[in-house]
Amino acid sequence: MEITPEQVQIIMTIMAPIGGYLVYKLATRGTRNLVREVLKDNGLLKDETKIKIFPRSIMITHYKKVDTDHILKLPRILEQEIGSRFLLRRKNQKIILEKMKPIPKKAGVFKQNIQTGRIEEFSLNDLQHWNGVLVSAISGVGKSELVKALTDGRNTLVYSPKGSEDFPNGQHFSEQAIRDINAFIDNYKNIKEETIIVIDEILTFITIAEKMDKNLLDKVSTNLTLNRSSNLKFIIITQKLNRSSKLDLSLLNYKIINDPSVALYEQSLGIKPKTNMIGLTRGEFVLFNEGQEYIIKNNLSKNRKQELKDKEKNRSVKRS
């Protein structure tokens, strides 16, 4: 029997929802099995445990009652396995894991609370009683761009081994730089306008300071314990964390980090990350402050992205 085009259309209309349902079931089967394995590994799985997968959430019922710490691990473990960030809620004997909303892609710096998922624009004005910020990130993730965005329009002095290569107002490490920093610390109580001292590549600075003025590192550490209510602030940048006691970086009360090895420095930095650092992309960092944790995202404008591409292209030409 020949099927007419109209009959084909009717069949397709009837089968489409069924096909879509089958595709959905196949797509979620892998996630369900993965969640089951995670529950098993953390002592939460029972024979009666039910796992329901929705487009924006996962619901778990009839799970074993275990220590809260085991349950709180779930969002981080699933982030590692699935690549999505989750918020965790417990309600009426249910564990509900909701996917966090994506941070906007428009140009600007944003922060997202990992406890609530709330997204807001972020600036240094958000920091309360701050003495400084440690910005630690592996090479190539955009830490200099983040610092420039945060300090735009603010009174800053930048000291860097690369001079003005990354910061237009950057100055090379020198005897004059050492004298300048000493003078600001000695007079920090009398500074009338907010002054931010940015030190790029802190490990290089430590080496130079030890040769030129051994007392300066102790003075910086001491000042970090005193200057929360003053107008003198520090932003210290590094691409490699170090347990060195020559400058106590744990004294900086805000830390912005993108470094998968950060767990090795929990004791020396005084932080215990809840976020999976491996999942961070370029321009993404984690902000730590006294137990609070946020995702920080610096979105560059199209013009700035093009400028950086042109700059890298010129560097490649010079190297060749």
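Our subject in this report is the structure included herewith. By convention here, each chain's residues receive numbers from 1 onward along its written sequence. In keeping with the model being predicted, local features are shown solely for residues with a pLDDT of at least 70 and side-chain atom pairs are shown and tallied solely at 80 or more, while totals for entire chains, interfaces and linings include all residues. The basis for every side-chain value is the complete set of non-hydrogen atoms in the structure, without hydrogens or water.

### Observations concerning the packing of aromatic side chains
Between 30 and 60 degrees the pair is tilted, below 30 it is stacked and above 60 it is edge-to-face, where a pair is any two Phe, Tyr or Trp rings, Trp via its six-membered ring, whose centres lie within 6.5 Å. Under the counting rule described, the total for this entry stands at 1 aromatic pair. For a Lys NZ or an Arg CZ to count as sitting over a ring, it must be within 6 Å of the ring centre and within 35 degrees of the ring normal. Across from the ring centre of Tyr63, 4.7 Å away, lies the NZ or CZ of Lys65, which sits over that ring. The aromatic ring of Tyr294 is capped on one face by Lys111, whose charged end is 4.9 Å from the ring centroid.

### Structural notes on the pattern of salt bridges
We define a salt bridge as a contact between a side-chain nitrogen of Lys or Arg and a carboxyl oxygen of Asp or Glu at a distance within 4 Å. Throughout the structure, instances matching the rule amount to 14 salt bridges. In this structure, Glu284 and Arg85 form a salt bridge, with 3.1 Å as the shortest nitrogen-oxygen distance. Placement of the pair is Glu284 in strand β13 (residues 284–289) and Arg85 in the loop between α3 (74–82) and β3 (86–91), with a sequence separation of 199 residues. The pair Glu284 / Arg85 is uniform in exposure class, with both members buried. Of the charged contacts, one joins Asp126 and Lys111 as a salt bridge, the two residues approaching to 4.0 Å between their closest N and O atoms. With a gap of 15 residues between them, Asp126 in the loop between β6 (119–121) and β7 (132–137) and Lys111 in strand β5 (residues 108–113) connect regions that are remote in the sequence. Relative accessibility thresholds used throughout: buried, under 20% of the residue-type maximum; exposed, over 50%; partly exposed, between the two (1.4 Å probe, protein chains only). Here Asp126 falls in the partly exposed class, since its relative accessible area comes to 30%. Relative accessible area serves as the criterion here: at 12%, Lys111 is assigned to the buried category. What you see here is one network of salt bridges that share partners, running through Glu145, Lys148, Arg304 and Glu307. Per the convention used, a helix needs a DSSP run of H or I reaching at least four residues, while a strand needs a run of E reaching at least two, with both numbered from the N terminus.

### Overview of the sheet that holds strand β1 (residues 50–53)
As a general point, the strands of a sheet are linked pairwise by backbone hydrogen bonds and lie either parallel or antiparallel. At least two DSSP bridges between two strands are needed for those strands to be called paired. The strand order across the open sheet built from 4 strands is β1-β2-β4-β3, with neighbouring strands paired in antiparallel fashion. What marks the edges here is a single partner per strand, and that holds for β1 and β3. Mean inter-strand twist for the sheet, computed between neighbouring axes without regard to direction, equals 15°. In this structure, β3 lies alongside strand β4 (residues 94–99), joined through 6 bridges in antiparallel fashion. Bridge pairing in β4 places Arg89 opposite Ile96. Orientation is described by axes fitted as lines to C-alpha atoms, over the contacting stretch for helices, and by angles from 0 to 180 degrees between their N-to-C directions.

### Points about the pairing of strand β8 (residues 156–159)
Burial along β8 is two-sided: the residues Thr156 and Val158 and Leu157 and Tyr159 are all buried. One ladder, built from 4 bridges, connects β8 with strand β10 (residues 195–199); its direction is parallel. Note on β10: the bridge partner recorded for Leu157 is Ile197. Relative to strand β9 (residues 170–171), β8 runs parallel, the two being bridged by 2 bridges. Counterpart to Val158 in the pairing with β9 is Gly170.

### Topic: the side chain of Asp166
For Asp166, the location among the structural elements is in the loop between β8 and β9. A relative accessible area of 14% places Asp166 in the buried class.

### With respect to the nonpolar core
Ile181, Phe205, Phe234 and Leu269 are the most contacted members of the largest nonpolar core, which has 40 residues in total. Those elements giving two or more residues to this core turn out to be β8, α5 (175–186), β10, α6 (202–212), α7 (215–224), β11 (232–238) and β13. With near-sequence residues (within four places) excluded, Ile181 lies in contact with Tyr159, Ile197, Ile199, Phe205 and Leu216. In this text, buried Ala, Val, Leu, Ile, Met, Phe, Trp, Tyr and Cys residues form a nonpolar core when linked through side-chain atoms within 4.5 Å. Within the second largest apolar cluster, 24 residues are counted, among which are Leu124, Leu127, Ile256 and Leu287. For this analysis, residues touch if any pair of their heavy atoms sits within 4.5 Å.

### As for the environment of Ile178
Turning to its location among the elements, Ile178 is positioned in helix α5. Residue Ile178 is classed as buried on the basis of its relative accessible area, which comes to 5%. On a C-alpha basis, the gap between Ile178 and Met212 in space is 7.7 Å, while along the polypeptide they are 34 residues apart. For Ile178, the residues in contact, after removing those within four places along its chain, are Phe205, Ala209, Met212, Asp213 and Leu216.

### What to know about the packing of α5 against α7
Direction vectors running N to C along α5 and α7 enclose 35°, while the axes themselves pass 10 Å from each other. Between α5 and α7 the crossing geometry is left-handed. Seen from α5, the contacting residues are Ile178, Ile181, Asn182, Ile185 and Asp186; seen from α7, they are Leu216, Lys219, Val220 and Asn223. Looking at side-chain class alone, the contact of α5 with α7 contains 5 nonpolar, 2 polar and 2 charged residues. Put simply, a crossing is left-handed when the front helix is turned counterclockwise from the back one by less than a right angle, and right-handed when it is turned clockwise. For this scheme, ten residues count as nonpolar: Ala, Val, Leu, Ile, Met, Phe, Trp, Tyr, Cys and Pro. Four count as charged, namely Asp, Glu, Lys and Arg, and the remainder, Gly too, count as polar.

### Here we look at the layout of surface pockets
Empty space within the largest pocket amounts to approximately 600 Å³. Grid spacing is 1 Å over the protein atoms alone, the probe is 1.4 Å, and a cavity is where that probe fits but cannot get out, while a pocket is an open set with protein on both sides within 12 Å along at least five of seven lines and lining residues have an atom within 4 Å of a point. As for the largest pocket, its lining consists of 18 residues, and the residues nearest its centre are Leu72, Lys73, Pro75, Arg76 and Lys274. Elements with a minimum of two residues in the lining of the largest pocket: α2 (68–72), α3 and β3. Partitioning the lining of the largest pocket into residue classes produces 8 nonpolar, 2 polar and 8 charged. Grid points are joined across faces, edges and corners, and a volume is the space filled by probe spheres set on the points.

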